[in-house]
Amino acid sequence: MAQRLAKHWCLSAIRSPLQVISFPALQLHVSGTAMRADQKDFENAVTRVKLLKDPGNEMKLKLYALYKQATEGPCNVPKPGVFNLINKAKWDAWNALGSLPKETARQNYVDLVSSLSSSSASSSQVKPGADKEQQGSENLVVTSENGITKIMLNRPTKKNAITTQMYQEIILALKAASKDDSTITVLTGNGDYYCSGNDLSNFTDVLSGEIEEKVKSIAILLRDFVDCFIDFPKPLIAVVNGPAVGISVTLLGLFDAVYASDRATFHTPFSQLGQSPEGCSSYIFPKMMGPAKAKEMLIFGKKLTAGEACAQGLVTEVFPDSTFQTEVWTRLKAYSKLPPNAMRISKQIIRNMEKEKLHAVNAEEVSVLQERWLSDECINAVMNFLSKRAKL
Ligand SMILES: CCCCCCCCCCC/C=C/C(=O)SCCNC(=O)CCNC(=O)[C@H](O)C(C)(C)COP(=O)(O)OP(=O)(O)OC[C@H]1O[C@@H](n2cnc3c(N)ncnc32)[C@H](O)[C@@H]1OP(=O)(O)O
């Protein structure tokens, strides 16, 4: 199975020329035995490492050494020969940790990955108390002004499709927004689309022989991503400036208000893609719109207009496209002046009734999807999309 998938997914996978030293995370095989209290943090850090931008060889050596120390203990393997430069550098880094206890190495590894994750996304973060526009990363622009933190998807040429890097950046942006001085948080898109969902090229970003591992790490990322929406403590508003597809639609059920342009459409083509619903939509949509309408969307991929989505309860209000931005932002500015604690507490009391259930639904949806990604139906659908695009 792994070989067949590798053939499919790895056609366009390119190894970074900087990848002289492979990340320790790529060699991980968690035994599952002797799970400790912080083992999960360590496993998550190992997963996150794979999704970081290349941190450079010096940092990779540090990560390698800590990983080996954390999983195998002190270095007691023979020193590689002087001409075996890479392995010798790795051995030296590991050996330099001496008798550092495994637990300390594991903690240091988690801390190091955490600092790398925040610095790689720091450009897209809003610092607490900021009250002016911040420079964001290329694909995600985060600004904070007048009590509103705005997270804007910024890949208009790709209809704001979400890359794995962007999933991570959104997680960090939401975590920062939950702690900053703003009263409300807004998610929107730049250009004619709100978002075309998961970037289907994410499927090609798999290195040969590591498909099952990659799928596992993407599943953890997706679960963390949706968890952030479930747990977000402040009012969260979607400003749906244009068509929305896939995960950008399903997540709307976790927002506190959804304002849509009358140009927006809402499409969840999961069956067409050999996939299944996520974002807690398998639970929220039937409750929100009734099972019959929810199934038309989630099983048969029926696309809704903004008016239909509003009638089904997925959208709060629809505005004419010509006045959409002015009307919505005027309203949001007024909302941002409401007492923040009262809004938080009201949100909390509503969300807390369902929080445990939502986390369980998220876990189940991700577990089902993990299998779907390895299915022929999904592989063929994604290959079909990517190959059509290649021919254009
Ligand atoms: C091995 C396991 C890895 C798993 C990784 C999974 C990660 C988590 C998954 C979470 C679950 C999420 C599920 C979903 O979101 S499902 C929905 C996925 N989205 C789609 O199926 C939409 C695909 N796109 C389209 O159908 C059309 O592009 C669209 C209708 C959106 C717009 O059509 P239009 O004709 O107006 O414009 P173009 O097609 O020319 O698009 C312009 C360029 O943008 C590129 N594009 C658009 N959407 C995507 C996308 N989702 N992924 C990648 N690229 C996208 C399109 O290819 C064009 O690019 P080029 O100009 O380079 O050709």
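Only a predicted model underlies this, so the values are computations on that prediction, with no experimental measurement involved. (Residues numbered from 1 in each chain as written. Predicted model: local features only at pLDDT ≥ 70, side-chain atom pairs only at ≥ 80, totals over all residues. Heavy atoms only, no water.)

A. Spotlight on the side chain of Asn 241. By the secondary structure assignment, Asn 241 is in the loop between β4 (236–240) and β5 (244–245). A polar contact is formed between the side chain of Asn 241 and the backbone oxygen of Tyr 193, at a distance of 3.0 Å. Aside from chain neighbours lying at most four places away, what touches Asn 241 is Thr 188, Gly 189, Asn 190, Gly 191, Asp 192, Tyr 193, Tyr 194, Ser 261, Arg 263, Asp 321, Phe 324 and Gln 325. (Helix = DSSP H or I, 4+ residues; strand = E, 2+ residues; numbered from the N terminus. Polar contact = N/O pair within 3.5 Å; in protein donor to acceptor, adjacent residues only side chain to side chain. Contact = heavy atoms within 4.5 Å.)

B. Structural detail: the site of the ligand. For the ligand, the set of nearby residues contains 26 residues, the closest of which are Lys 158, Ser 196, Asn 198, Leu 200 and Arg 389. One nitrogen or oxygen atom from the main chain of Leu 200 is found 2.8 Å from a nitrogen atom belonging to the ligand. Protein contact buries 77% of the 1,200 Å² of open area that the ligand shows by itself. In terms of residue class, the shell around the ligand is built from 15 nonpolar, six polar and five charged. (Near = heavy atom within 4 Å. Areas by Shrake-Rupley, 256 points an atom, 1.4 Å probe, with all protein chains shown as cover. Nonpolar A, V, L, I, M, F, W, Y, C, P; charged D, E, K, R; others polar.)

C. Seen up close, the packing of aromatic side chains. Counted by the stated rule, this structure contains eight aromatic pairs. Seen in terms of ring centroids, Tyr 259 and Phe 319 are 5.9 Å apart; in terms of plane orientation they differ by 80°. Their pairing is edge-to-face. Of this pair, Tyr 259 sits in strand β6 (residues 257–261) while Phe 319 sits in strand β9 (residues 317–319), and the two are 60 residues apart along the sequence. The exposure classification of Tyr 259 matches that of Phe 319, with both residues buried. Three or more aromatic residues joined by ring pairs form one cluster here, namely Tyr 167, Phe 225, Phe 229 and Phe 255. (Phe/Tyr/Trp six-rings, centres within 6.5 Å; stacked < 30°, edge-to-face > 60°. Buried < 20%, exposed > 50% of the residue type's maximum accessible area, 1.4 Å probe, protein only.)

D. Up close: the sheet that holds strand β8 (residues 304–305). The strand order across the open sheet built from three strands is β5-β7-β8, with neighbouring strands paired in mixed fashion. If you trace the sheet from one side to the other, it starts and ends with β5 and β8, each paired once. The pairing of strand β7 (residues 265–267) with β8 spans two bridges and is classified as antiparallel. Bridge pairing in β8 places Phe 266 opposite Leu 304. (Pairing = 2+ DSSP bridges.)

E. Quick peek at empty space enclosed by the protein. Taken as a whole and judged by the stated rule, the model has one cavity of 30 Å³ or more. Taken together, Leu 153, Ile 162, Ile 170, Leu 187, Tyr 194, Cys 195, Phe 225, Phe 229, Ser 248, Leu 251 and Phe 255 form the lining of the largest cavity. Counted by class, the lining of the largest cavity contains ten nonpolar, one polar and no charged residues. (1 Å grid on protein atoms, 1.4 Å probe; cavity = no way out; pocket = protein on both sides within 12 Å on 5 of 7 lines; lining within 4 Å. Points joined across faces, edges and corners; volume = space filled by probe spheres on them.)

F. Seen up close, the domain arrangement of the protein. What the domain assignment reports for the protein is domain 1 (39–120) and domain 2 (140–391). Its C-alpha centre places domain 1 at a distance of 35 Å from the equivalent point of domain 2. Taken together, the contact between domain 1 and domain 2 spans seven residues of the former and nine residues of the latter. The contact between domain 1 and domain 2 buries some 820 Å² in all, and 52% of this surface belongs to carbon and sulfur atoms. Counting the surface domain 1 buries against domain 2, the share from its top three residues, Thr 47, Lys 50 and Leu 51, is 61%. For the pair domain 1 and domain 2, the interface holds zero salt bridges. Summed over the shared surface of domain 1 and domain 2, the number is zero residue pairs in polar contact (both at pLDDT 80 or more). If one sorts the elements of the side of domain 1 that touches domain 2 by residue count, helix α2 (residues 39–51) sits on top with five residues. Considering only residue class, the side of domain 1 that touches domain 2 consists of one nonpolar, three polar and three charged. (Domains from an automatic or database assignment. Buried area = accessible area lost by both parts, 1.4 Å probe. Salt bridge = Lys/Arg side-chain N within 4 Å of Asp/Glu carboxyl O.)

G. Representation of helix α3 (residues 57–72) within the structure. With 16 residues, α3 ought to run about 22 Å at 1.5 Å a step, and its terminal C-alpha atoms sit 22 Å apart, in line with that. Taken as a whole, α3 has its buried residues at Met 59, Lys 60, Leu 61, Leu 63, Tyr 64, Ala 65, Leu 66, Tyr 67, Lys 68, Gln 69 and Ala 70. One or two steps after α3, the chain reaches Gly 73, where phi turns positive at roughly 85°. (Expected span 1.5 Å × (residues − 1).)

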